[in-house]
Amino acid sequence: MAKATRETVASKARKSAPKARTGAGKPAAASRRAPTSAVPFTRTVRDLRQIVAAWRKAGQSVGLVPTMGALHDGHLELVRIAKRRCDRAVVSIFVNPAQFAPNEDFDTYPRTWDNDLAQLATVGCDLVWSPERLEMYPEGFDTRIEPKGAALGLETEFRPHFFSGVATVCCKLFTQVLPDIAIFGEKDYQQLCVIRQMVRDLDLPLQIVGAETIREADGLAMSSRNRYLTPDERAKAVTIHRVISSVATAAAKGQDTSAVVAAGRKRLTQAGFAKIDYLEVRDAQTLAPLEASSPREKRVLAAAWLGQTRLIDNVAV
Ligand code: PAF
């Protein structure tokens, strides 16, 4: 049944797409893994383009939600936004090796394909774009985007490879899918700023939509990596949100935040966070450091380690 669903989408695309441009009559990409839900997926740029071109021909708009899978309610909310704003929602699932350093969790990053597809079926996702590594980075691939500006500092101090990998894959995802909009969670706030900057700088023809962070009942930001936390760590993890919220409250009053930042760092350490990468108040648009008295919109951002898990979070001031 799932195969039929996939073939239906691809064959509709073939029927309505111009023959010369789509290679009409050739079969859709085969999958090595059978999906457990009715959400169609494709693994080749060629088929992706055929499907999207057919939607375009029918006058339909397209929203993209880039993900690395291991989906949770935060991701599903992004898909709901895509569906509210566009006729079609494409979700990409690709664990991007280019954004992991050799000592990071690429090999162990959770891969929950069946569960991801089952969840996406509940929110009306129209297509999953899940290329194999060699489809995304073929033999001889040797181009990278090196963002500066919003990419400087914060995450980059600790993960220097990260934004180059993210920007490169997102640029590829945008030119592969050619969406009208792409939706990113504010949970990865610096990532959102870097992507906005890249789209502006390279004149990429899409709009970037930022979506509010979805939180657990106690305030912990939803993240695919939360599943690494032990029950004890999970109970302590919420402290990061409490700390950035108290810094934001002080910053909103125009107070010098250095004392509250120092108190926040102490509170995180007392709660069991072994290492605090950063806890800072920055310009909400450029992410440049700011004076407390600055009238510019501000954002409080933090990254800290609880056991083997690195948590990041941020709030608006
Ligand atoms: O936020 C993520 O899941 C990833 O960084 C992204 C944007 C999908 C790029 O691989």
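Residues numbered from 1 in each chain as written. Predicted model: local features only at pLDDT ≥ 70, side-chain atom pairs only at ≥ 80, totals over all residues. Heavy atoms only, no water.

Our next topic: the packing of helix 8 (residues 162–177) against helix 9 (residues 189–201). The contact between helix 8 and helix 9 brings their axes to 10 Å, and the two run at 55°. Classed by the angle they form, the pair helix 8 and helix 9 counts as oblique. In this structure, helix 8 crosses over helix 9, and the sense of that crossing is right-handed. Residue-level inspection shows Phe 162, Phe 163, Val 166, Ala 167, Cys 170, Cys 171 and Phe 174 of helix 8 in contact with helix 9, the latter providing Gln 190, Gln 191, Val 194, Ile 195, Met 198 and Val 199. Within the contact of helix 8 with helix 9, the residues separate by chemical class into 11 nonpolar, 2 polar and no charged. (Axes fitted to C-alpha atoms, helices over the stretch in contact; angles between N-to-C directions. Helix = DSSP H or I, 4+ residues; strand = E, 2+ residues; numbered from the N terminus. Parallel < 35°, antiparallel > 145°, perpendicular 65-115°, else oblique. Left-handed = near helix turned anticlockwise from the far one by under 90°. Contact = heavy atoms within 4.5 Å. Nonpolar A, V, L, I, M, F, W, Y, C, P; charged D, E, K, R; others polar.)

Moving on, we come to the site of the ligand. Looking at the ligand, the residues that line it are Pro 66, Thr 67, Met 68, Asn 96, Gln 99, Val 166, Val 169, Cys 170, Phe 184 and Gln 191. Note that an oxygen atom of the ligand is positioned 2.6 Å from one of the side-chain N or O atoms of Gln 99. Between Gln 191 and the ligand, the recorded distance is 2.7 Å, taken from a side-chain N or O atom to an oxygen atom. Here the ligand has 280 Å² of accessible area as a free molecule, and 90% of this is covered by the chains. Mapped by element, the contributors of at least two residues to the shell around the ligand are strand 2 (62–67) and helix 8. (Near = heavy atom within 4 Å. Polar contact = N/O pair within 3.5 Å; in protein donor to acceptor, adjacent residues only side chain to side chain. Areas by Shrake-Rupley, 256 points an atom, 1.4 Å probe, with all protein chains shown as cover.)

Strand order in this open sheet of 6 strands is 1-4-3-2-5-6, and the pairing throughout is parallel. Edge strands, defined here as strands with exactly one partner in the open sheet, are strand 1 (41–42) and strand 6 (207–211). In terms of strand pairing, strand 2 meets strand 5 (residues 181–185) through 2 bridges, oriented parallel. Opposite Leu 64, over in strand 5, you have Ala 182 as the bridge partner. On the sheet, helix 3 (residues 45–57) packs against strand 1, strand 2, strand 3 (88–93) and strand 4 (127–129) and is oriented at approximately 145° with respect to strand 4. Where helix 8 meets the sheet, its contacts fall on strand 2, strand 3, strand 4, strand 5 and strand 6, and the angle it forms with strand 2 comes to roughly 150°. (Pairing = 2+ DSSP bridges.)

Here the focus is the nonpolar core. Inside soluble globular proteins, nonpolar side chains tend to come together where they are buried. Counting residues in each nonpolar core, the largest one holds 45 residues, and the members touching the most others are Val 90, Cys 170, Phe 174, Phe 184, Ile 195, Met 198 and Ile 208. Of all the secondary structure elements, the ones that give two or more residues to this core are helix 3, strand 2, strand 4, helix 8, strand 5, helix 9 and strand 8 (298–306). Of all the elements, helix 8 adds the most residues to this core, at 10 residues. Once residues lying within four places of it in the same chain are set aside, the contact partners of Phe 184 are Pro 66, Leu 78, Cys 170, Phe 174, Gln 191, Leu 192, Ile 195, Ile 208, Val 209, Gly 210 and Ala 211. Counting 23 residues, the second largest nonpolar core, distinct from the first, contains Leu 71, Leu 78, Val 91 and Val 209. (Core = buried A, V, L, I, M, F, W, Y, C linked by side-chain atoms within 4.5 Å. Buried < 20%, exposed > 50% of the residue type's maximum accessible area, 1.4 Å probe, protein only.)

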